[in-house]
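Spelled out, the chains give:
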Amino acid sequence: MPSWWCENAWLPPGRVAARVLITVDDGRVTEVKEGIDPPPTAQRLTGLVIPGLANTHSHAFHRALRGRTQAGRGDFWTWREQMYAVATRLDPDNYLALARVTYTEMALAGITCVGEFHYVHHQSGGVPYSDPNAMGAALIEGAAQVGVRLTLLDACYVAGGIGESLTPPQRRFSDGDAVAWAARVDELSDAAHVRIGAAIHSVRAVPSDQLGDVADWARKRAVPFHFHLSEQRAENDACLDRYGVTPTRLLADSGALGAAAVAVHATHLTAGDIALLASSSTGVCLCPTTERDLGDGIGPAGALAAAGVALSVGSDGQSVIDMFEEARGIELDERLATYSRGTFVAGALLDATTVAGHRGLGWADAGQLAVGMRGDLVAVDLASRRTAGGGATAETVVYAASAADVTDVVVDGNVVVKDREHVRLGDIGATLQAAIGAVVR
């Protein structure tokens, strides 16, 4: 049985222990011993070892936009046009190449599980491929080649906006209606490294009379169920004009909220919205770097947490892929909004990137270094230019470390990253450039 001796490890319920031996058998942690001298057969991990990180919200193809959407002025809606231009050029082959390098960057950042919010389903113009799930299959294969787990959140997207028809770039996202969406997604199935979940892209993209169809599909199969929520004030205004209620209330009335549900962004909420999310045990995934990058606004993280809403984080638009940056962004943005510090302790932010994120993606057996949990280990360097002097603490990891400080990554007991290099794919710089070049003009 493989074992790892950790100089320091973050153990439940939220403490650092020294000289920890972790044994894994058949992908599961079977033993955790503290205060142990390193056995000769154990692999050594220096720094602070934490559980594998969960990236709860990803659009893999957005990686091609990094550095290309930052020039000039604009807002979410002008950025969206640039995103559509990339989406138009995707096909199963170049999407596999792009997903593989994007997920490799995630693995190198300590991410062991990805929630892929997937809506680029068909050919440009909406014509299905011979395999209508070819694009989803590319994402699944990309994750398999990298060695990370994936929750494919297949998104229903059938309208161009509230009361609006699809635009030409949006047609490839659509199955026509929620019934046809469900028939296609029924052909997908779980695998050892994959969970199939469901998503409503947003109340903009799914008419109110079809929201319940998607929610019912997810509920009957007991799968993770995500949706973009109130990312933009314009979305709220359009929903109020059309339906007379907020997007949160509309989703609640459609049966979309619940313990398996995760609302993404949730930036512009009313007090009543927060109460609905909390009372239904709906989680919220915050994406601070994307929300800053697009000028979306600062979400009510403190109020959500105070109400008992479980928070997780995602890289979303891939402006950076760094779960430590996302975690500290929750607290730092809250400081900007409230003029006070310490709403979130570092341990709670670390939990958002690990146990809460995995639960939101349907992997409740991951996110903690404990017996019976999946054997996911991430070693963080405590002696880099960023972390030196901080000590083996959650505060050092959350507030000082970056993705570049991840040295080693183990997923289900398999070494994926060693000494800052992917064990199979190595240095991905050249392949990353080629993959992006295939979808950007």
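See the structure shown above.
Report follows, based on the coordinates.

Analysis parameters
Residues numbered from 1 in each chain as written. Predicted model: local features only at pLDDT ≥ 70, side-chain atom pairs only at ≥ 80, totals over all residues. Heavy atoms only, no water. Pairing = 2+ DSSP bridges. Helix = DSSP H or I, 4+ residues; strand = E, 2+ residues; numbered from the N terminus. Axes fitted to C-alpha atoms, helices over the stretch in contact; angles between N-to-C directions. Contact = heavy atoms within 4.5 Å. Buried < 20%, exposed > 50% of the residue type's maximum accessible area, 1.4 Å probe, protein only. Polar contact = N/O pair within 3.5 Å; in protein donor to acceptor, adjacent residues only side chain to side chain. 1 Å grid on protein atoms, 1.4 Å probe; cavity = no way out; pocket = protein on both sides within 12 Å on 5 of 7 lines; lining within 4 Å. Points joined across faces, edges and corners; volume = space filled by probe spheres on them. Nonpolar A, V, L, I, M, F, W, Y, C, P; charged D, E, K, R; others polar. Phe/Tyr/Trp six-rings, centres within 6.5 Å; stacked < 30°, edge-to-face > 60°. Lys NZ or Arg CZ within 6 Å of the ring centre and 35° of its normal. Core = buried A, V, L, I, M, F, W, Y, C linked by side-chain atoms within 4.5 Å.

## Examining the sheet that holds strand 11 (residues 283-286)
Taken together, eight strands build an open sheet; the order of strands is 5-6-7-8-9-10-11-12 and the sheet is parallel. Each of the sheet's edge strands pairs with one partner strand only, and the pair in question is strand 5 (53-58) and strand 12 (311-313). Geometrically, the sheet is characterised by an average inter-axis angle of 25° between neighbouring strands, direction not taken into account. Sitting on the sheet, helix 5 (residues 208-221) is in contact with strand 7 (149-156), strand 8 (194-200) and strand 9 (225-229), with an inclination near 160° to strand 8.

## Digging into the side chain of His226
When you line up the elements, His226 lands in strand 9. Relative accessible area serves as the criterion here: at 0%, His226 is assigned to the buried category. Only 2.9 Å separates the side chain of His226 from the backbone oxygen of Gly360, close enough to count as a polar contact. Aside from chain neighbours lying at most four places away, what touches His226 is Thr56, Phe117, Leu153, Ala198, Ala199, Ile200, Val262, Gly360 and Leu361.

## Points about the layout of surface pockets
Here the largest pocket defines a volume of roughly 460 Å³. When residues of the lining of the largest pocket are traced back to their parent elements, those giving at least two are strand 10 (261-265), helix 8 (271-279), strand 11, strand 12, helix 12 (346-353) and helix 13 (355-360). Residue composition of the lining of the largest pocket, by class: 18 nonpolar, six polar and two charged. Contributing to the lining of the second largest pocket are Thr69, Gln70, Ala71, Gly72, Arg73, Gly74, Asp75, Thr78, Trp79, Gln82, Asp293 and Leu294. A total of three residues in the lining of the second largest pocket trace back to one element, the largest contributor, which is helix 1 (residues 76-88). Of the residues assigned to the lining of the second largest pocket, the class counts are three nonpolar, six polar and three charged.

## Side note on the packing of aromatic side chains
By the definition in use, this model includes nine aromatic pairs. On the numbers, 6.0 Å between centres and 50° between planes, the contact of Tyr84 with Phe173 is tilted. Of the two residues, Tyr84 is situated in helix 1 and Phe173 in the loop between strand 7 and helix 4 (178-185); the sequence distance between them amounts to 89 residues. Each member of the pair, Tyr84 as well as Phe173, is classed as buried. Ring pairing ties together the aromatic residues Phe61, Tyr84, Tyr95, Tyr119, Tyr157 and Phe173, which thus form one cluster. The ring centre of Trp5 lies 5.9 Å from the NZ or CZ of Arg44, which sits over that ring.

## Topic: unusual backbone geometry
Along the chain, Pro12 connects to Pro13 via a cis peptide bond; the corresponding omega equals 10°. Structurally, the position occupied by Pro13 is in the loop between strand 1 (3-11) and strand 2 (15-25). Phi angles above zero are rare outside glycine, and Arg19 is one such case at about 55°. Along the polypeptide, Arg19 turns up in strand 2. Overall, the relative accessible area of 33% leaves Arg19 in the partly exposed class. Positive phi values are uncommon outside glycine, yet Asp316 reaches one of about 50°. Locating Asp316 in the fold gives a position in the loop between strand 12 and helix 11 (323-338).

## Points about the nonpolar core
Residues Phe61, Tyr103, Phe225 and Phe227 are the most contacted members of the largest nonpolar core, which totals 121 residues. Per element, the largest residue contribution to this core is eight residues, and it comes from helix 2 (residues 92-108). Setting aside residues no more than four positions away along its own chain, Phe61 makes contact with Met83, Val86, Ala87, Leu90, Tyr95, Leu98, Tyr119 and Val120. Formed by 15 residues, the second largest nonpolar core is a distinct cluster that contains Ala17, Ile22, Val49 and Leu369.

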